[in-house]
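# Coordinate inspection notes
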Amino acid sequence: MLLSELKPGQTAVIKAVKTGDLHARRLYEMGFLPRTRVSLEHVATLGSPIIVAIRGFSIILGNHDASSIEVEVISA
């Protein structure tokens, strides 16, 4: 499942970041590392951007970024 497919309130664990090297590095620097918990806080009316909670921070991501992060849902 992709991060962009989560529903608000769901929590997941990041499995992989599937994108180019430079783009993946930017996401890694923001804390999107494998085995890290992330939860979806809010989705904009048109579906993008989304707000996710990760490592005690709220981060806004566009659909392009969220679609490149593979996750496994652990709670709904």
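Residues numbered from 1 in each chain as written. Predicted model: local features only at pLDDT ≥ 70, side-chain atom pairs only at ≥ 80, totals over all residues. Heavy atoms only, no water.

## Some details on the overall build of the protein
Selection rule: Numbering of helices and strands starts at the N terminus; helices are DSSP runs of H or I of at least 4 residues and strands are runs of E of at least 2. Here the globule rule is a power law, 2.2 Å times the number of residues to the power 0.38, and the radius of gyration is based on C-alpha atoms.
Assigned secondary structure in the protein consists of two helices and five strands. Written out in order from the N terminus, the α and β elements of the protein read β-α-β-β-β-α-β. Rg of the C-alpha trace for the protein: 11 Å, near the compact-globule value of 11 Å for 76 residues, within the 12% margin. Along the three orthogonal principal directions, the C-alpha set of the protein runs to about 30 × 25 × 25 Å.

## Comments concerning helix H1 (residues 21-29)
Put simply, the test is: Here the term buried applies to any residue with accessible area under 20% of the maximum for its type, exposed to any over 50%, and partly exposed to those in between, with areas from a 1.4 Å probe on protein chains only. The arc under discussion is defined with respect to the helix axis, by the directions toward the C-beta atoms.
Within the span of H1, buried status applies to His23, Ala24 and Leu27. Down the axis of H1, the buried set is contained in an arc of 100°. They therefore lie on one face. Exposed and oriented more than 90 degrees from the buried face of H1 are Asp21, Leu22, Arg25 and Glu29. Positive phi appears at Gly31, one or two residues downstream of H1, with a value of about 105°.

## Topic: the pattern of salt bridges
Put simply, the rule reads: For this document, the term salt bridge refers to a Lys or Arg side-chain nitrogen within 4 Å of an Asp or Glu carboxyl oxygen.
Throughout the structure, instances matching the rule amount to four salt bridges. Glu70 is the salt-bridge partner of Lys18, the closest N and O atoms lying 3.6 Å from each other. Remark: Glu70 occurs in strand S5 (residues 69-75) and Lys18 occurs in the loop between strand S1 (11-17) and H1; sequence separation between them is 52 residues. Residue Asp65 pairs with Arg26 through a salt bridge whose shortest N-O separation is 3.0 Å. Here Asp65, found in helix H2 (residues 63-66), pairs with Arg26, found in helix H1; they are 39 residues apart in sequence, far enough to count as distant. Here Asp65 falls in the buried class, since its relative accessible area comes to 12%. One continuous salt-bridge network, built from bridges that share partners, spans Lys15, Lys18 and Glu70.

## Some thoughts on the nonpolar core
Going by this rule: Take the buried residues of types Ala, Val, Leu, Ile, Met, Phe, Trp, Tyr and Cys, join any two whose side-chain atoms come within 4.5 Å, and each joined set is a nonpolar core. Contact definition: two residues touch when any of their heavy atoms are within 4.5 Å.
The biggest cluster of nonpolar side chains holds 18 residues, and the ones touching the most others in it are Leu3, Phe32, Val38, Val52, Leu61, Ile69 and Val71. Secondary-structure elements contributing two or more residues to this core are S1, H1, strand S2 (37-43), strand S3 (50-54), strand S4 (57-61) and S5. Once you skip the residues sitting within four places of it in the chain, Ile69 turns out to touch Met1, Leu2, Leu3, Ile14, Ala16, Val17, Leu27, Phe32 and Leu61.

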